[in-house]
Each structure stands twice: as structure tokens, then as C-alpha cells.
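This is what each chain is made of:
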Amino acid sequence: MIDADRFWDKVAKKYAKSPIKDEDAYEQTLTRVRAHLRPSDHVLELGCGTGTTALKLAGDAKEIVATDISPAMIELGRTKAVQADIRNVTFCTASFSAKSLRNDGPYDVVTA
């Protein structure tokens with residue numbers, strides 16, 4: 001059986017190219033999340049994939065730490081951040097239980 005991180009590494013590029021299936025529902029979700037964010041917030045996103053949501057919310061928070069178990073997904077997120085000149089989103093490879101995340105907090109908001 002393949003490990004989850006290796007599975008997502010294998011499909012990362014294909015995943016990044018696939019369109020959001022319900023753009024209206026996604027935008028409604030972003031609106032709901034934005035209603036809970038303040039410009040001073042430090043946000044942790046668990047399971048960020050290629051970082052689309054973190055990058056879309058970057059203007060609504062002071063800092064976002066976007067995490068995923070897949071190094072390939074994280075690399076795609078970093079590339080998208082550079083291309084969009086977004087500097088307040090930090091991408092890191094981590095699992096939900098990663099000890100390294102404890103050193104980055106505290107967080108005002110956690111998304112998943």
C-alpha cells in the first residue's frame with residue numbers, strides 16, 4: 001500500500017491542473033472563512049494541497065502557514081506564491097501531528 005504523502009506527490013501536477021468543480025460554492029466558502037479573519041490573524045491551514053485557498057485568503061490575514069504532507073504539493077504552492085508575489089504565506093511539509101508546527105504558533109485561526 002502506498003503512503004499518503006507519496007500518493008499525493010504522484011498526483012500533485014494533475015491535481016493542480018484540475019479545475020474547481022463548483023466555483024460558486026468555493027467562493028461562498030471563502031466568503032464564510034473571510035468573515036472569521038482579521039488583518040492581524042496568524043492562520044494555520046492543514047492539508048493545503050497546492051495552496052490555492054491560502055493564497056486567496058492571504059490578503060485577509062497577517063500570516064498564513066500552509067501545510068501539507070506532500071512535498072510536491074508544497075512546492076507547487078510555493079511556486080504559485082512567488083508568481084503571485086504573495087509573501088505572507090509560508091508553505092511547509094507537515095502532518096497534522098507534526099511537532100514542528102507547535103513552534104510556529106500560537107494561531108488565531110486553524111483551517112483544514
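### Things to note about the overall build of the protein
A count of helices and strands for the protein gives four helices and four strands. Scanning the protein from its N terminus toward the C terminus, one meets helices and strands in the order α-α-β-α-β-α-β-β. Relative to a compact globule of 112 residues, whose C-alpha radius of gyration would be 13 Å, the protein shows 14 Å and is just as compact. Expressed as lengths along the three principal axes of its C-alpha atoms, the size of the protein is roughly 40 × 35 × 25 Å. Each of the 112 residues in the protein was classed as buried or not, and the buried ones make up 33%. Of the contacts formed within the protein by residues at least 6 apart in sequence, a portion of 61% connects residues at least 24 apart. When the accessible area of the protein is evaluated, it comes to approximately 7,300 Å², of which 54% is carbon and sulfur surface.

### A look at the side chain of Glu 45
Assignment of secondary structure puts Glu 45 in strand β1 (residues 42–46). A polar atom in the side chain of Glu 45 sits 3.4 Å from the backbone nitrogen of Ala 54. Beyond its immediate chain neighbours, meaning those up to four positions away, Glu 45 contacts Thr 53, Ala 54, Val 65, Ala 66, Thr 67 and Thr 111.

### Focus: the nonpolar core
Judged by nonpolar contacts, the single largest core of 17 residues is most densely connected at Val 43, Ile 64, Ala 66, Val 89 and Phe 91. At the level of secondary structure, the elements contributing two or more residues to this core comprise α2 (23–34), α3 (52–57), β2 (63–68), α4 (71–83) and β3 (89–93). Sorting elements by how many residues they give to this core places α3 first, with three residues. Apart from the residues lying within four places of it in its own chain, the contact partners of Ile 64 are Val 43, Ala 54, Leu 57, Ala 58, Asn 88, Val 89 and Thr 90.

### Re the packing of aromatic side chains
On inspection of all chains with the given rule, the structure shows two aromatic pairs. When the centroid spacing of 5.0 Å and the interplanar angle of 80° are considered together, the rings of Phe 7 and Trp 8 count as edge-to-face. Three or more aromatic residues joined by ring pairs make a cluster, and in this case those are Phe 7, Trp 8 and Tyr 15.

### Concerning the confidence of the model for the protein
Caution applies to low-pLDDT parts of the model: their predicted coordinates are not meant to be read in detail. Per-residue confidence for the protein gives a mean pLDDT of 91; residues scoring 70 or more make up 92%. Within the protein, no element has a lower average pLDDT than helix α1 (residues 4–17), which sits at 87, and none a higher one than α3, at 98.

So, how was this worked out
Residues numbered from 1 in each chain as written. Predicted model: local features only at pLDDT ≥ 70, side-chain atom pairs only at ≥ 80, totals over all residues. Heavy atoms only, no water. Helix = DSSP H or I, 4+ residues; strand = E, 2+ residues; numbered from the N terminus. Rg over C-alpha atoms; globule rule 2.2 N^0.38 Å. Buried < 20%, exposed > 50% of the residue type's maximum accessible area, 1.4 Å probe, protein only. Contact = heavy atoms within 4.5 Å. Areas by Shrake-Rupley, 256 points an atom, 1.4 Å probe, with all protein chains shown as cover. Polar contact = N/O pair within 3.5 Å; in protein donor to acceptor, adjacent residues only side chain to side chain. Core = buried A, V, L, I, M, F, W, Y, C linked by side-chain atoms within 4.5 Å. Phe/Tyr/Trp six-rings, centres within 6.5 Å; stacked < 30°, edge-to-face > 60°. pLDDT = per-residue confidence, 0-100.

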